[in-house]
Amino acid sequence: MASALSSLSSTSSSLLQHSFTGNSKAPITQFPNKSARFSVFAQKKAKKLRKIILKEDVTDVGKQGQLLDVRAGFFRNYLLPMGKAQLVTPQLLKEMKIEEERIEAEKRRVKEEAQQLALIFETVGAFKVKRKGGKGKQIFGSVTAQDLVDIIKAQLQREVDKRIVDLPEIRETGEYIAELKLHPEVTARVRVNVFAN
């Protein structure tokens, strides 16, 4: 066994000498042009901004449904894990456009209804209010928005919120103009005749 080990060590030492001393017969490859330069190209830089849509209001960032460009790290490390935003995709943009169109159609419908209701109120003529009379043209008490709402309900069978009624202070008999704010862009002007009985 000792002879086997000695023969193994002698062959391995001769192999090591052969490969490190350069006594091998294999040709050494040299570059033909020693001044050759290597170009190293960096990878493409990562996008620094991401186009996102907020799923909920985020303080100092934006409101729900708003499209924003935010830093990639802020999106990746905060908005995405907290479920506050998502990346904008073509499918998401298409869905948002459909939703916006639906909302606009609903707004138009509400405005048209308010315009029709305003036309009804203005063509009715004057709403008559009876109050107990005092001296001259004075009446006891005053006519309030609730009084006008009750009269509209009795005559037209329409429910009107008294908060939308803008009525001048009425303490005498005569004709007055009240405004009903039916929509941010639609106001109906109705006449109110106050007379003593």
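Given the structure is predicted, the values throughout are model-derived calculations rather than measurements.

1. With respect to the environment of Gly 83
Assignment of secondary structure puts Gly 83 in the loop between α2 (72-79) and β3 (85-87). Looking at Gly 83, the relative accessible area reads 30%, which means it is partly exposed. Along the primary structure Gly 83 and Lys 55 are separated by 28 residues, whereas in three dimensions their C-alpha atoms are 7.5 Å apart. Setting aside chain neighbours within four positions, we find Gly 83 in contact with Lys 55 and Glu 56.

2. A word on the nonpolar core
Counting residues in each nonpolar core, the largest one holds 25 residues, and the members touching the most others are Phe 121, Leu 148, Val 165, Leu 167, Leu 180 and Val 194. For this core, the elements supplying multiple residues, two or more each, are α3 (90-123), β4 (126-131), β5 (138-143), α4 (145-156), β8 (174-183) and β9 (186-196). Not counting residues up to four positions away in its chain, the partners in contact with Phe 121 are Phe 127, Ile 152, Leu 156, Val 160, Leu 180, Leu 182, Ala 188 and Val 190.

3. A few points about the sheet that holds β8
Note: strands within a sheet are paired through backbone hydrogen bonds, in either parallel or antiparallel orientation. Taken in spatial order, the four strands make up an open sheet running β4-β9-β8-β6, and their pairing is mixed. Every interior strand has two partners, whereas the edge strands, β4 and β6 (165-166), have only one. Two strands pair when backbone bridges link them, and β6 and β8 are joined in this way by two bridges, in the antiparallel orientation. Opposite Val 165, over in β8, you have Leu 180 as the bridge partner. Contacts from α3 reach β4, β8 and β9, with the element oriented near 25 degrees to β9. Most of the contacts of α4 go to β4, to which it runs at about 120 degrees, and overall it touches β4, β6, β8 and β9.

4. Remarks on the UniProt feature "coiled-coil region" (unreviewed entry) in the chain
Listed under "coiled-coil region" (unreviewed entry) in the UniProt record, and renumbered for this structure, are residues 93-120. Along residues 93-120 one finds 100% helix and 0% strand; the C-alpha atoms at either end are 41 Å apart.

5. Topic: the packing of aromatic side chains
Enumeration according to the criterion identifies one aromatic pair in this entry. Residues Phe 74 and Tyr 78 carry aromatic rings whose centres are separated by 5.5 Å and whose planes lie at 25 degrees to one another, so their mutual orientation is stacked. Of the two residues, Phe 74 and Tyr 78 are both situated in helix α2; the distance of four residues between them amounts to about one turn of the helix. By relative accessible area, Phe 74 is classed as partly exposed at 32%.

Reading guide: rules and limits
Residues numbered from 1 in each chain as written. Predicted model: local features only at pLDDT ≥ 70, side-chain atom pairs only at ≥ 80, totals over all residues. Heavy atoms only, no water. Helix = DSSP H or I, 4+ residues; strand = E, 2+ residues; numbered from the N terminus. Buried < 20%, exposed > 50% of the residue type's maximum accessible area, 1.4 Å probe, protein only. Contact = heavy atoms within 4.5 Å. Core = buried A, V, L, I, M, F, W, Y, C linked by side-chain atoms within 4.5 Å. Pairing = 2+ DSSP bridges. Axes fitted to C-alpha atoms, helices over the stretch in contact; angles between N-to-C directions. UniProt positions renumbered as here; feature names shortened; annotations may be inferred. Phe/Tyr/Trp six-rings, centres within 6.5 Å; stacked < 30°, edge-to-face > 60°.

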